[in-house]
Amino acid sequence: MARAFGIINFAGNHIQVEGIQKYRPVGAFSFLGRYRVIDFQISNMSNSGIDHMQVYIRRKPQSLTAHLGTGRHYNINSKRGRLRILYAEMEKGFSIYSTDIASYLENMEFIEEEHYPYVIIAPSYMIYTQDYSKLLDDHIASGADITLLYHSVDNAKEFFLNCYTLNLNKQKGLLSIDQNHGNAKNRNIFMDTFIMKKELFIDLVNKAKKTSSMYTMADIVNASVDELDIRGVSHRGYFAAISDFKSYYHANLSLIDFKAAQNLFDDEWPIYTRTNDSCPTQYFDDADVKHSIVSNGCLIEGTIENSIIGRGCTIKKGAVVKNSIILPTAVIGEDVHIENHVVDKHANIIHAKDLTADPDNPGYIRRGDTL
């Protein structure tokens with residue numbers, strides 16, 4: 001597909017994942033022990049034939065930049081393809097002025113030099129698969145100015161509370177973009193995915209600048225519903241939004257189930273990631289692993305149940321890991337029982353023998369901590 005370039009945007013101020021986001025952007029979060037969250041969006045674009053992509057980062061860029069590298073591991077065309085990492089330097093952290101619009105303005109020269117007529121904007125904090133080439137075809141055929149992707153859910157009272165929703169008329173035309181406050185269970189969750197002409201995108205960025213320094217792309221699109229033909233398109237298949245700590249925990253564990261994973265993974269639609277050449281995981285005589293995902297390079301002596309173990313982890317003899325996510329290189333010591341937790345990288349749980357949290361309020365062990 002040579003008609004569009006891709007933008008993968010950072011998570012906005014409405015997305016805050018307690019604990020783990022302190023050390024890296026959401027796109028760099030480890031997912032299923034092997035991937036990073038951003039891998040799914042870049043793979044969607046690569047599989048759709050998009051070989052010019054811009055990835056925007058506004059804070060803690062080191063881990064994500066190292067993971068992305070040149071982008072060649074995403075099967076981007078080696079001769080004419082390009083993955084460009086762009087930074088927002090004017091405002092840092094979660095400042096109200098640190099918006100996607102501010103980032104686009106700061107990097108407008110790179111947007112203007114893209115020779116493709118259309119732009120597809122996707123989020124770095126959502127996990128789904130989507131053929132953008134088909135979505136672009138449908139957008140062009142519809143004659144709409146902007147196409148927005150959404151996913152209909154029936155659990156919006158408990159989940160997606162930090163996300164936006166689309167209020168649509170019977171013809172799927174946009175009436176408004178609203179925040180999900182948990183007032184109703186059935187909502188159209190906006191997937192932060194836009195398709196439009198590049199010229200319109202630039203016009204909206206400049207219009208947002210003149211309107212308010214706090215405006216985001218969603219804000220200016222919402223303000224333009226009476227002037228533009230904006231339509232929603234429904235997404236089918238697996239969908240998760242890493243919008244808070246609880247959603248990160250549940251999204252990981254939900255995909256341990258093979259049937260659920262089949263709704264996301266497809267042999268014809270590979271999810272690319274940076275490979276890590278390390279030795280296979282070693283299982284000792286006392287190891288007991290059930291219904292779990294264990295990455296390479298681990299040493300397993302204890303019991304693991306319904307959990308995800310990242311690369312290079314050590315689970316000592318007598319340890320029990322249940323309903324937990326253990327990030328790379330963490331150590332779970334002898335006779336430690338840990339349940340319903342996320343253990344960050346390089347953590348060592350040695351002295352604390354029983355760490356059990358409520359599954360509706362999972363616990364978090366900070367990066368590099370020794371307990």
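Provided above is the structure to which this section pertains.
These lines cover the structure that appears in this document, whether it is placed above or below.

Cut-offs used in this document
Residues numbered from 1 in each chain as written. Predicted model: local features only at pLDDT ≥ 70, side-chain atom pairs only at ≥ 80, totals over all residues. Heavy atoms only, no water. Helix = DSSP H or I, 4+ residues; strand = E, 2+ residues; numbered from the N terminus. Pairing = 2+ DSSP bridges. Buried < 20%, exposed > 50% of the residue type's maximum accessible area, 1.4 Å probe, protein only. Contact = heavy atoms within 4.5 Å. Axes fitted to C-alpha atoms, helices over the stretch in contact; angles between N-to-C directions. Phe/Tyr/Trp six-rings, centres within 6.5 Å; stacked < 30°, edge-to-face > 60°. Salt bridge = Lys/Arg side-chain N within 4 Å of Asp/Glu carboxyl O.

A short note on unusual backbone geometry
A positive phi angle, close to 50°, is found at D192, a residue other than glycine. By the secondary structure assignment, D192 is in strand β11 (residues 187–197). The phi dihedral of N306 falls on the positive side, at around 50°, and the residue is not glycine. Among the secondary structure elements, N306 is positioned in the loop between β18 (303–305) and β19 (308–309).

Digging into the sheet that holds strand β23 (residues 331–332)
Taking strand neighbours across the sheet as the criterion, the 5 strands line up as β14-β17-β20-β23-β26 in an open arrangement whose pairing is parallel. The open sheet is flanked by β14 (282–283) and β26 (348–349), the only strands paired with a single partner. When β14 meets strand β17 (residues 299–300), the two strands line up parallel, connected through 2 bridges. Pairing of Y283 across the sheet is with I300, part of β17.

Overview of the environment of I189
Position of I189 among the secondary structure elements: in strand β11. Residue I189 is classed as buried on the basis of its relative accessible area, which comes to 0%. Ignoring any residue separated from it by four or fewer positions in sequence, one finds I189 in contact with L149, Y150, H151, V153, F160, C163, Y164, T165, N180 and F239.

Quick look at the sheet that holds strand β27 (residues 354–356)
Ordered by their spatial adjacency, 5 strands build an open sheet running β15-β18-β21-β24-β27, and the pairing between neighbours is parallel. Only two strands of the sheet have a single neighbouring strand rather than two, namely β15 (288–290) and β27. In this sheet, neighbouring strand axes are inclined to one another by 5° on average, regardless of whether the strands run parallel or antiparallel.

A closer look at the packing of aromatic side chains
By the definition in use, this model includes 11 aromatic pairs. Ring geometry for Y104 against F201: centres 5.1 Å apart, planes inclined by 70°, an arrangement best described as edge-to-face. Highlighted residues: Y104 in helix α3 (residues 100–106) and F201 in helix α6 (residues 198–211), separated in sequence by 97 residues. When sorted by exposure, Y104 lands in the same class as F201, which is buried. Here Y128 and F239 contribute two aromatic rings whose centre-to-centre distance is 6.4 Å and whose plane-to-plane angle is 55°, an arrangement assigned as tilted. Here F239 lies in the loop between β12 (230–234) and β13 (240–241) and Y128 lies in the loop between β7 (126–127) and α5 (132–142), a separation of 111 residues in the sequence. What makes Y128 buried here is its relative accessible area of 0%. Chaining the aromatic ring pairs together yields one cluster made of F31, Y35, F40 and F265.

Considering the pattern of salt bridges
Within the structure shown, the criterion is met by 10 salt bridges. Its salt-bridge partner being K134, residue D138 comes within 3.1 Å of it at the nearest N-O pair. Here K134 and D138 lie together in helix α5, a separation of 4 residues that amounts to about one turn. For D138, a relative accessible area of 38% gives the class partly exposed. K317 is paired through a salt bridge with D286; the nearest N and O atoms lie 3.7 Å apart. Note that K317 is positioned in the loop between β20 (314–315) and β21 (320–322) and D286 in the loop between β14 and β15, a separation of 31 residues in sequence. We classify K317 as partly exposed; its relative accessible area is 45%.

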